[in-house]
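The residues making up each chain are set out below.
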Amino acid sequence: VEFFGRPVDLALSPSGKILAVKNSHGLVAINLSTYKVQSLNFTQISPEYVPHLGGASFAGIAWEQNGQHLWITDAYVGLHRASLQKDGEFRWTSHVILPGPASIPAEAARPEPNTNATNTTTASTPGCIAIDAANKLLYVTLSQNNALGIVDISSGKLLGKVPTGVAPFGVLLS
């Protein structure tokens, strides 16, 4: 199987039928029965997404227990949900902003190319993801924050951060 990009992390669906690969440009879903490959690039998220901010981070992909949704981090401030549609294709369906340790005053932020928006958030550099067994909470490492973020899956809200020490890389729930 060939696809564009540099793979950095992967996760097998709970059914064992789809291999989700986080690559340097977003998500690649591989149907293990047909070997059909679908790519979802971060640039497909929204017109506001700025690809020069880092693409995919070092790691960070996890399936929800139902096997219909998976979460992936980018290298800047984003946590993104891709959902399996009835046609068998994935679509971006939710996005959570995970702000870095300090905000930049709007007047000091530079406009992003090709947009009128300004960037008022510093990077949190989200990484590894774990989802609790009840499928209610998602835990994500926030390397620049030196913290573990806790996200409510149903609302997509960042509930809080737990200090971890310098640059957490992985998270595992027991």
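A short tour of the structure in this document, coming up. (Residues numbered from 1 in each chain as written. Predicted model: local features only at pLDDT ≥ 70, side-chain atom pairs only at ≥ 80, totals over all residues. Heavy atoms only, no water.)

### A short note on the overall build of the chain
Point 1. Of regular secondary structure, the chain possesses zero helices and 12 strands.
Point 2. Reading the chain from its N end, one meets helices and strands in the order β-β-β-β-β-β-β-β-β-β-β-β.
Point 3. A total of about 9000 Å² of accessible surface is found on the chain, and carbon and sulfur atoms cover 55% of it. (Helix = DSSP H or I, 4+ residues; strand = E, 2+ residues; numbered from the N terminus. Areas by Shrake-Rupley, 256 points an atom, 1.4 Å probe, with all protein chains shown as cover.)

### Some words on the sheet that holds strand 9 (residues 126-131)
Point 1. Spatial ordering of the open sheet is given by 9-10-11-12, a layout of four strands whose pairing is antiparallel. Each edge of the sheet is formed by a strand with only one pairing partner; in this case those strands are strand 9 and strand 12 (157-163). Here the strands of the sheet are splayed against their neighbours by 25° on average, with no regard to which way each runs.
Point 2. Here strand 9 pairs with strand 10 (residues 137-142) via four bridges, running antiparallel. Bridge pairing in strand 10 places Ile129 opposite Val140. (Pairing = 2+ DSSP bridges. Axes fitted to C-alpha atoms, helices over the stretch in contact; angles between N-to-C directions.)

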